[in-house]
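Overview (structure and organization)
The primary structure of each chain is shown beneath.
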Amino acid sequence: MFRLIPALGLVLGLAACANGQSQLGEPLEPIGDFKLGHAAVVAPNLVEGPVSRNATEEEWIASVDEAVEERFRRYEGDSFYHMGISIEGFVLAQPGVPLVFSPKSALILRVTVWDDASQSKLNAEPEQFTVLESFTAETVVGSGVTQTKAQQMRNLSANAALQIEKWMRRMQAEEGWFGGPDANLPVAAPSAAPGATPEAAAAPDA
């Protein structure tokens, strides 16, 4: 648990993430044969970082669960996969901190993906993510000044779901998850016999 505290301190100076909420409006591209089964979000060892607003385990679980459901329930592949998400630590920038410090909000979590058909983990060890707040006009001076705690948590949770999705797509391409890269390709139409018309190839057997 204590090893997360230095990491939470370091994120205060890092750059911000892409906006996970705005990404939801983009055209949907399948993640192979992925379809979300269960998403279990827990926070058994939650660490609150330095110079942070307070937030409870229950608040974080609800926020991350909502963002994961919103992003991943959209996919309608042919196979179910389950996600286990452990929220490890966070920093929520406070109001009133000197601007020269430029505090950033951040979230650390770990993710495991399960294949329902084989009842096995796709990643043997949980993948850890360090998620930062989006860069907007509101966060230039520190989100603690311009956003409520709920807004900060919503922002971070949405960015976390987006970062998880990007990782899953990379694993699909590199490790063959979710049916592999070819699972996104459209199914080819049946070939017509030599000399046959396309209409004849598509017609049902007599």
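We now turn to the structure provided with this report.

Rules behind the numbers
- Residues numbered from 1 in each chain as written.
- Predicted model: local features only at pLDDT ≥ 70, side-chain atom pairs only at ≥ 80, totals over all residues.
- Heavy atoms only, no water.
- Axes fitted to C-alpha atoms, helices over the stretch in contact; angles between N-to-C directions.
- Helix = DSSP H or I, 4+ residues; strand = E, 2+ residues; numbered from the N terminus.
- Parallel < 35°, antiparallel > 145°, perpendicular 65-115°, else oblique.
- Left-handed = near helix turned anticlockwise from the far one by under 90°.
- Contact = heavy atoms within 4.5 Å.
- Nonpolar A, V, L, I, M, F, W, Y, C, P; charged D, E, K, R; others polar.
- Phe/Tyr/Trp six-rings, centres within 6.5 Å; stacked < 30°, edge-to-face > 60°.
- Buried < 20%, exposed > 50% of the residue type's maximum accessible area, 1.4 Å probe, protein only.

All right, on to the packing of helix H2 (residues 57-72) against helix H4 (residues 149-175) then. In contact at an axis separation of 8 Å, H2 and H4 are set at 45° when each is read in the N-to-C sense. Taken together, the axes of H2 and H4 are oblique relative to one another. Like other packed secondary-structure pairs, H2 and H4 cross with a definite hand, here right-handed. Only Lys149, Met153, Arg154, Leu156, Ser157, Ala158, Ala161, Leu162, Ile164, Glu165 and Met168 of H4 make contact with H2, whose side of the interface consists of Glu59, Trp60, Ser63, Val64, Glu66, Ala67, Val68, Glu70, Arg71 and Phe72. Among the residues forming the contact of H2 with H4, the class breakdown is twelve nonpolar, two polar and seven charged.

Within the structure shown, the criterion is met by nine aromatic pairs. Taking the centre distance of 5.9 Å and the plane angle of 15° together, the rings of Phe34 and Tyr81 count as stacked. With Phe34 in strand E1 (residues 34-42) and Tyr81 in strand E3 (residues 79-91), this residue pair connects regions lying 47 residues apart in the sequence. We note that Phe34, like Tyr81, is buried. When the centroid spacing of 5.5 Å and the interplanar angle of 80° are considered together, the rings of Phe34 and Phe178 count as edge-to-face. Within this pair, whereas Phe34 is found in strand E1, its partner Phe178 is found in the loop between H4 and helix H5 (198-202), the two being separated by 144 residues in sequence. Comparing Phe34 with Phe178, the two get one shared label, buried.

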